[in-house]
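A structural walkthrough
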Amino acid sequence: MEMAWVWGLVGGLMIGSAAALFLLVNGRIMGASGILGGLVDGSGRATGAERLAFIAGLVLLPALLAAIMGGAETNITSNPIVIIAAGLLVGIGTRLANGCTSGHGVCGISRLSFRGIVATVFYLLAGGMMMVLFRHVFGVI
């Protein structure tokens, strides 16, 4: 049996544990887009150091683990236009949905939030439709 699923399980446990700890310690939902958005628009100045530490951890820890383990295997496209467009669309989508998959998916579903469940269902449907469209219709992925 292939063991790659173990890393998904470990990652999921880490994200879930971090979300629970963040909620217990801060009394707030661990939504990455909200944490980053508060830094960008200035609404999170009071907790700026905490927000910066969180974002730094999101960026630096995977880089550190990849360096220690000798790289990371991904299935990302090598087309930079597709990567930039995808990033912009994800950013726009998180603003329109008032949250991202970490806020709605991990934290919302675990709290049985109807809004979080609905948002997650639509994220997954939209992602699936875009994958079909861009891979099978346009052939760019």
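Look a little higher up for the structure.
Residues numbered from 1 in each chain as written. Predicted model: local features only at pLDDT ≥ 70, side-chain atom pairs only at ≥ 80, totals over all residues. Heavy atoms only, no water.

**Some points on the overall build of the chain**
Of regular secondary structure, the chain possesses six helices and zero strands. Reading the chain from its N end, one meets helices and strands in the order α-α-α-α-α-α. Taking the principal axes of the C-alpha coordinates as reference, the chain spans close to 45 × 35 × 30 Å. The burial tally for the chain puts 20% of its 141 residues in the buried class. Relative to all contacts within the chain whose residues are 6 or more apart in sequence, the contacts with residues 24 or more apart total 41%. By element, 74% of the accessible surface of the chain is carried by carbon and sulfur atoms, the whole surface being about 10200 Å². (Helix = DSSP H or I, 4+ residues; strand = E, 2+ residues; numbered from the N terminus. Buried < 20%, exposed > 50% of the residue type's maximum accessible area, 1.4 Å probe, protein only. Contact = heavy atoms within 4.5 Å. Areas by Shrake-Rupley, 256 points an atom, 1.4 Å probe, with all protein chains shown as cover.)

**Examining the pattern of salt bridges**
Evaluated as defined, the whole model comprises one salt bridge. Where R28 meets E50, a salt bridge forms, and the shortest distance between an N and an O atom there is 2.5 Å. Of this pair, R28 sits in the loop between α1 (4-26) and α2 (32-41) while E50 is found in helix α3 (residues 48-69), placing the two residues 22 residues apart along the sequence. (Salt bridge = Lys/Arg side-chain N within 4 Å of Asp/Glu carboxyl O.)

**Section: the packing of helix α5 (residues 101-110) against helix α6 (residues 114-137)**
For any two helices packed against each other, one specifies the inter-axial angle together with the distance between the axes. Packing of α5 against α6 leaves a shortest axis separation of 8 Å and a crossing angle of 130 degrees. What the angle tells us is that α5 and α6 run oblique. Judged by the twist between their axes, the crossing of α5 over α6 is left-handed. Together, T101, H104, G105, G108 and I109 of α5 and R115, G116, I117, A119, T120 and Y123 of α6 make up the contact between the two elements. Counted by class, the contact of α5 with α6 contains four nonpolar, six polar and one charged residues. (Axes fitted to C-alpha atoms, helices over the stretch in contact; angles between N-to-C directions. Parallel < 35°, antiparallel > 145°, perpendicular 65-115°, else oblique. Left-handed = near helix turned anticlockwise from the far one by under 90°. Nonpolar A, V, L, I, M, F, W, Y, C, P; charged D, E, K, R; others polar.)

**Some thoughts on the nonpolar core**
Counting seven residues, the largest nonpolar core consists of A19, F22, M30, I35, F54, I55 and C107. Every element with two or more residues in this core is listed here: α1 and α3. With residues up to four places along the chain from it excluded, the contact list for F54 reads F22, M30, A32 and I35. (Core = buried A, V, L, I, M, F, W, Y, C linked by side-chain atoms within 4.5 Å.)

**Quick look at the packing of α2 against α3**
Packing of α2 against α3 leaves a shortest axis separation of 9 Å and a crossing angle of 125 degrees. Between α2 and α3, the angle falls in the class oblique. α3 is crossed by α2, and the crossing has left-handed handedness. Counting all contacts with α2, which are made through A32, G34, I35, L36, G38 and L39, the residues of α3 involved are G48, R51, L52, F54, I55 and L58. Residue composition of the contact of α2 with α3, grouped by class: eight nonpolar, three polar and one charged.

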